[in-house]
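# A structural walkthrough
Residue strings, one per chain:
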Amino acid sequence: MGRPRTFDIDAAVDRAMELFWRQGFEGTSTEDLVEGLGIARGSLYKAFGSKEQLYAMALRRYCERHATGLIEMLDRAEQVRPAIRAALLELAEADLADPELGCLLVNAATERSAHQDTVRQVSRTMSQIESALAGALERAQARGDIAADKKPRELAQFLTTFLQGLRVMGKARADRAFLNNAVEVALGALD
């Protein structure tokens, strides 16, 4: 019988998420994980199976925290335009504060585009965001906040794509004026 685990799995996944987010999958070595999580190599493999499996858990955690927050905000929004503006500007501010970090979802999609599990997780999360946007836009249209000739699903696809492009531009160190203007132009699609 092995020794009982002496570390918190959830806290370890959080720390791994931060490492992968900042350094990428390839840039994060097993030694980085052992050191960053404060656990022995054997414990790492026993608890998570592999670096790959830990990455998958970390990416899911990121999606649960970050995408779910956006989705819940859209579901609660009484007025969609101010809610979308606030969400986009919040993301732009996060990128301005730490452009090296960017978005783990964008990082995962670009770094691991050949890895099917990563692609599935990214696609699933993007679909959830798109569906939440479409639902919010449909509700806004029903209230008369968006013109009847607009197509909520197409607007949601555009905004989902714009959201990821905004994150890339933030990582490319676009300035605040550029990012804020881009948000306002994107919101113009709702007119």
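Worth saying up front: this structure is predicted, and the values here are computed from it rather than measured. (Residues numbered from 1 in each chain as written. Predicted model: local features only at pLDDT ≥ 70, side-chain atom pairs only at ≥ 80, totals over all residues. Heavy atoms only, no water.)

## Re the layout of surface pockets
Approximately 440 Å³ is the volume attributed to the largest pocket. Around the largest pocket sit 25 residues that line it, and His66, Leu70, Glu90, Leu91 and Arg167 are the ones nearest its centre. Breaking the lining of the largest pocket down by element, the ones donating at least two residues are helix H4 (51-76), helix H5 (80-97), helix H7 (116-143) and helix H8 (152-171). Per-element accounting of the lining of the largest pocket gives the leading share, seven residues, to H4. Of the residues assigned to the lining of the largest pocket, the class counts are 16 nonpolar, five polar and four charged. (1 Å grid on protein atoms, 1.4 Å probe; cavity = no way out; pocket = protein on both sides within 12 Å on 5 of 7 lines; lining within 4 Å. Points joined across faces, edges and corners; volume = space filled by probe spheres on them. Helix = DSSP H or I, 4+ residues; strand = E, 2+ residues; numbered from the N terminus. Nonpolar A, V, L, I, M, F, W, Y, C, P; charged D, E, K, R; others polar.)

## Some details on the state of the cysteines
If you walk through the whole model with that rule in mind, you get zero disulfides. Here cysteine 63 is not disulfide-linked; the sulfur of cysteine 103 is the nearest cysteine sulfur, at 8.3 Å. For cysteine 63, a relative accessible area of 6% corresponds to the buried category. Looking at cysteine 103, the relative accessible area reads 5%, which means it is buried. (Disulfide = S-S within 2.5 Å. Buried < 20%, exposed > 50% of the residue type's maximum accessible area, 1.4 Å probe, protein only.)

## Description of H8
Each full turn of the α-helix corresponds to 3.6 residues, which orients residues three or four apart in the same direction. With 20 residues, H8 ought to run about 28 Å at 1.5 Å a step, and its terminal C-alpha atoms sit 28 Å apart, in line with that. Regarding H8, the residues found buried are Pro152, Leu155, Ala156, Leu159, Thr160, Phe162, Leu163, Gln164, Leu166, Arg167 and Gly170. One or two residues past the end of H8 sits arginine 173, with phi positive at roughly 70 degrees. (Expected span 1.5 Å × (residues − 1).)

## Comments concerning the nonpolar core
One finds Leu37, Phe48, Leu54, Ile84 and Leu137 to be the most contacted residues of the largest nonpolar core, which totals 59 residues. Of the residues forming this core, the biggest block, ten residues, is contributed by H4. Apart from residues lying up to four places away in sequence, phenylalanine 48 is in contact with Phe7, Ile9, Ala12, Val13, Leu37, Ile39, Gln53, Leu54 and Met57. (Core = buried A, V, L, I, M, F, W, Y, C linked by side-chain atoms within 4.5 Å. Contact = heavy atoms within 4.5 Å.)

## Some thoughts on the pattern of salt bridges
A side chain of one charge can pair with a side chain of the opposite charge when the charged atoms of the two come close. If you walk through the whole model with that rule in mind, you get 14 salt bridges. Arginine 41 is the salt-bridge partner of glutamate 31, the closest N and O atoms lying 2.0 Å from each other. Here arginine 41 lies in helix H3 (residues 41-48) and glutamate 31 lies in helix H2 (residues 30-37), a separation of ten residues in the sequence. Classification of glutamate 31 by relative accessible area gives partly exposed; the value is 44%. With relative accessibility at 36%, the residue arginine 41 sits in the partly exposed group. With its nearest N and O atoms 2.8 Å apart, the salt bridge here joins glutamate 184 to arginine 85. (Salt bridge = Lys/Arg side-chain N within 4 Å of Asp/Glu carboxyl O.)

## Focus: the packing of H2 against H3
Contact geometry for H2 and H3: axes closest at 9 Å, N-to-C directions at 95 degrees. Of the possible angle classes, the one that applies to H2 and H3 is roughly perpendicular. Residues Thr30, Glu31, Leu33, Val34 and Leu37 of H2 lie in contact with H3, whose contacting residues are Arg41, Leu44, Tyr45 and Phe48. Among the residues making up the contact of H2 with H3, the classes are represented as six nonpolar, one polar and two charged. (Axes fitted to C-alpha atoms, helices over the stretch in contact; angles between N-to-C directions. Parallel < 35°, antiparallel > 145°, perpendicular 65-115°, else oblique.)

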